[in-house]
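Working through the structure, step by step
Chain by chain, the residues:
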Amino acid sequence: MPIRLALIVLLGSLVLPCFARAEPPKPLAITDPVALRQLDAGDAAHPGFGIGRMLDPAAAGAAPIANDALFARPAMAGMRTALDTEFARFVAGYRADEIGVGPGHAVQLFDRAALDSGAMRFVLSGIVSRMDRAFIAPETCGEVRLLYRLMRLDSAAGPARLPMTLNLVLNGRSAADTAIDCAEIARRWLAVVDLPNGGADLAARLTAPDGALALVTPDHIDRIEINLQIAHTPKSELRDFRTHYLQKVFRLDAQTGKFEQAPLENQIDRDRILADDGLRRALREWLLDPRHFAELDRGTLLIPRQFLATASVAATPVGFVRSSLQPAFGLMASDEASTSAVFTASDVVAALQAAAAQGIALQNIRSPAGFERRLNDISCGGCHQIRGIGGFHFPGVDTSRAHPNAANVPASPHFVGDQPRRRDIAMAMRAGRAPDFSRGFSDRPQEHRSAMLAGSEHLDGWGATCLRPGATAADMDISFASWTCAKGLSCQPTGEAGSSRLGMCFVGTK
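Parameters and conventions
Residues numbered from 1 in each chain as written. Predicted model: local features only at pLDDT ≥ 70, side-chain atom pairs only at ≥ 80, totals over all residues. Heavy atoms only, no water. Phe/Tyr/Trp six-rings, centres within 6.5 Å; stacked < 30°, edge-to-face > 60°. Helix = DSSP H or I, 4+ residues; strand = E, 2+ residues; numbered from the N terminus. Buried < 20%, exposed > 50% of the residue type's maximum accessible area, 1.4 Å probe, protein only. Lys NZ or Arg CZ within 6 Å of the ring centre and 35° of its normal. Pairing = 2+ DSSP bridges. Axes fitted to C-alpha atoms, helices over the stretch in contact; angles between N-to-C directions. Disulfide = S-S within 2.5 Å. Salt bridge = Lys/Arg side-chain N within 4 Å of Asp/Glu carboxyl O. Contact = heavy atoms within 4.5 Å. Parallel < 35°, antiparallel > 145°, perpendicular 65-115°, else oblique. Left-handed = near helix turned anticlockwise from the far one by under 90°. Nonpolar A, V, L, I, M, F, W, Y, C, P; charged D, E, K, R; others polar. pLDDT = per-residue confidence, 0-100. Polar contact = N/O pair within 3.5 Å; in protein donor to acceptor, adjacent residues only side chain to side chain.

**Comments concerning the packing of aromatic side chains**
Inspection of the entire model under this criterion finds 12 aromatic pairs. Plain terms: the ring middles of Trp-462 and Phe-506 are 5.7 Å apart, the flat faces sit at 65° to each other, and that makes the pair edge-to-face. Linking Trp-462 in the loop between α16 (457-460) and β11 (465-467) with Phe-506 in strand β13 (residues 502-507), this pair joins segments that are 44 residues apart in sequence. Judged by relative accessible area, which is 1%, Phe-506 ranks as buried. Of the aromatic side chains, those joined through ring pairs into one cluster are Phe-293, Phe-343 and Phe-371. Its end group placed over the ring of Phe-392, Arg-149 keeps NZ or CZ at 5.8 Å from the ring centre. Note that Arg-374 overlies the ring of Phe-441, its terminal NZ or CZ placed 5.4 Å from the centroid.

Structure representation (structure tokens):
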């Protein structure tokens, strides 16, 4: 991390309590540590949601499953092989003497032995409702995500929580669920926000016949998403501090019962596209079509598989300066790799004009810079580089004790800031109305659904992305014109002064 940014973060954190904060909205999620421990283990009334039981319902009464048994399952064999392949690809980018497991290396690699260890297991650390994902397949009523954090069973052997999550994604309902509709599912999840009690009582209410989790069953499983800190680089004379997060997706094959590697949603395979003239032309033509351009603006775009990658390695921190660390770098001619770029500024201007001619009202993309920002933030890797906790948006709560320490938070500012939008969609579904599935940039909560965030740091408070004041009108990009800072904060650069129009809201003068 650049020294300037590190000092700003430190000093800002010391004076931040002087600013009034509003209580953030309660999420459509389960984050109570005691309830999660109960839900992970199960009891006589309910078999629970441990990863072993979800992948093998017949083993409902078995003890929690450790990693050596988990990855030995036939369903997980392809996943383990694919992870080894990604590790080999990552290591190949470094000299043998600079990368390895442990503090003796300049680039410290995640120890894959944890994936085969009987002393490690994935522990349920959060459950999240994603009814806002119903735009992909409305009949599913969206998704429910069971998030498991990699834990060391013997905390005396080292840090209890390791930087890896396994996200088990389930459809909200299946085609066979004819007795329940999306309105009832939305009613149950919205009721979770108002449940007053935590602990075992909360777990019992969630799994009761009319509870939100009564509808979450193993036959709804769609895929597993992996996010792990594949390596981190401590600050040195030669290198900036940086961490790298590997993201992979594995879909469940209904015929074989195995999880198979799949493309990441909207993660453009940059290197493959830039190396292939035919793919470049095809992507440009497809994405600049007014219908697809409008979906990109709304955040509901689904890019075809032919353009996508099956892995992402996202770095943090990356700042706002264009660099190869950003997933869409090189796709725009404004980048250094302009000779093989897919899009030019004139392409984007023409697409904006075509959308206007067809009466399409755009919410986010209003300039070439906005288009480029959107290309980054719709991808898995790009989204996780923005307002995350390291490379995670939901690292989960620490369930190893009843009361986690004060430094532990279950989710990132991006997650919290997106809750008003997700709640609004669930409320529309509960009422039988057509939801507005649009979303803003990942940097900022969606403007027209942010009333409940007023006065909180999640809207325009400390650490928010902002547009730095420019000397000329040309410097004030219209796509980010509303990205301001709350009273008492100013938009300051996080890297070299003048290197980016965007900065972060910090205490101090401009």
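**Digging into the sheet that holds β11**
Read across the open sheet, the 3 strands follow the order β11-β13-β12; overall the sheet is antiparallel. Every other strand in the sheet has two partners, leaving β11 and β12 (489-492) as the edge strands with one partner each. Strand-to-strand, the axes of this sheet are offset by a mean angle of 50°, without reference to chain direction. Pairing of β12 with β13, which is carried by 4 bridges, proceeds in the antiparallel orientation. The residue bridging Cys-491 from the neighbouring strand is Cys-505, located in β13.

**Comments concerning the state of the cysteines**
Applying the stated criterion to the full structure yields 3 disulfides. Bridging Cys-141 to Cys-182, the disulfide has an S-S length of 2.0 Å. On the S-S bond that ties Cys-141 to Cys-182, the torsion sits near -85°, and the link is left-handed. Pair noted here: Cys-141 is in the loop between β4 (120-130) and β5 (143-152) and Cys-182 is in helix α6 (residues 182-194), with a separation of 41 residues, a long-range link. Neither residue differs from the other here; Cys-141 and Cys-182 are each classed as buried. Across the disulfide, Cys-466 is cross-linked to Cys-491 (sulfur-sulfur distance 2.0 Å).

**Observations regarding the pattern of salt bridges**
Under the defined criterion, the tally for this structure stands at 36 salt bridges. Here Arg-73 ties to Asp-56 by a salt bridge, and the two come within 3.5 Å at their closest N and O atoms. Note that Arg-73 is positioned in the loop between α4 (67-70) and α5 (77-91) and Asp-56 in the loop between α3 (51-55) and α4, a separation of 17 residues in sequence. Looking at Asp-56, the relative accessible area reads 27%, which means it is partly exposed. Arg-421 is paired through a salt bridge with Asp-418; the nearest N and O atoms lie 2.7 Å apart. Both residues of the pair, Arg-421 and Asp-418, belong to the buried class. Through salt bridges that share partners, Arg-133, Glu-143, Arg-145, Asp-222, Arg-223, Glu-225, Arg-251 and Glu-265 make up one connected network.

**So, the side chain of His-244**
Examined against the element boundaries, His-244 turns out to sit in strand β8 (residues 242-252). Residues in contact with His-244, not counting those within four places in the same chain, are Phe-90, Tyr-94, Leu-228, Gln-229, Ile-230, Ala-231, Val-313, Ala-314 and Ala-315.

**Quick notes on the packing of α6 against helix α15 (residues 419-430)**
It is the contact of α6 with α15, at a shortest axis distance of 7 Å, that shows an interaxial angle of 135°. In terms of orientation, α6 lies oblique with respect to α15. The way α6 lies across α15 gives a crossing that is left-handed. Of α15, the residues touching α6 (which contributes Cys-182, Ala-183, Ala-186, Arg-187, Leu-190 and Val-193) are Arg-423, Ala-426, Met-427, Met-429 and Arg-430. Per-class residue counts for the contact of α6 with α15 are 8 nonpolar, no polar and 3 charged.

**Points about the confidence of the model for the protein**
Confidence in the prediction for the protein averages 89 pLDDT; 89% of positions are at 70 or higher. For the stretch residues 1-20, pLDDT sits under 50, and the model shows 27 contacts to residues farther than four places along the chain or on other chains. Confidence drops under a pLDDT of 50 for residues 402-407, and excluding neighbours within four residues, the segment shows 5 contacts in the predicted structure.

**Observations concerning helix α10 (residues 290-298)**
Among the residues of α10, those classed as buried are Pro-290, His-292, Phe-293, Ala-294, Leu-296 and Asp-297. Tucked inside the fold, the buried residues of α10 contact α9 (277-287), α11 (345-357) and α12 (368-377). The backbone nitrogen of Arg-291 lies 3.0 Å from a side-chain oxygen of the residue at the head of α10, namely Asp-289. Gly-299, located one to two residues past α10, shows a positive phi value of around 85°.

**Thoughts on unusual backbone geometry**
Following Thr-316, the chain continues to Pro-317 via a peptide bond in cis, the omega torsion being -5°. Looking at the secondary structure, you find Pro-317 in the loop between β10 (312-316) and α11. Although it is not a glycine, Asn-266 sits at a positive phi angle of roughly 60°. Turning to its location among the elements, Asn-266 is positioned in the loop between β9 (259-262) and α8 (270-274). Look at Asn-266 and you get buried, because its relative accessible area is 5%. Despite not being glycine, Arg-387 has its phi angle at roughly 55°, a positive value. Here Arg-387 is to be found in the loop between α13 (380-384) and α14 (413-417). Judged by relative accessible area, which is 15%, Arg-387 ranks as buried.

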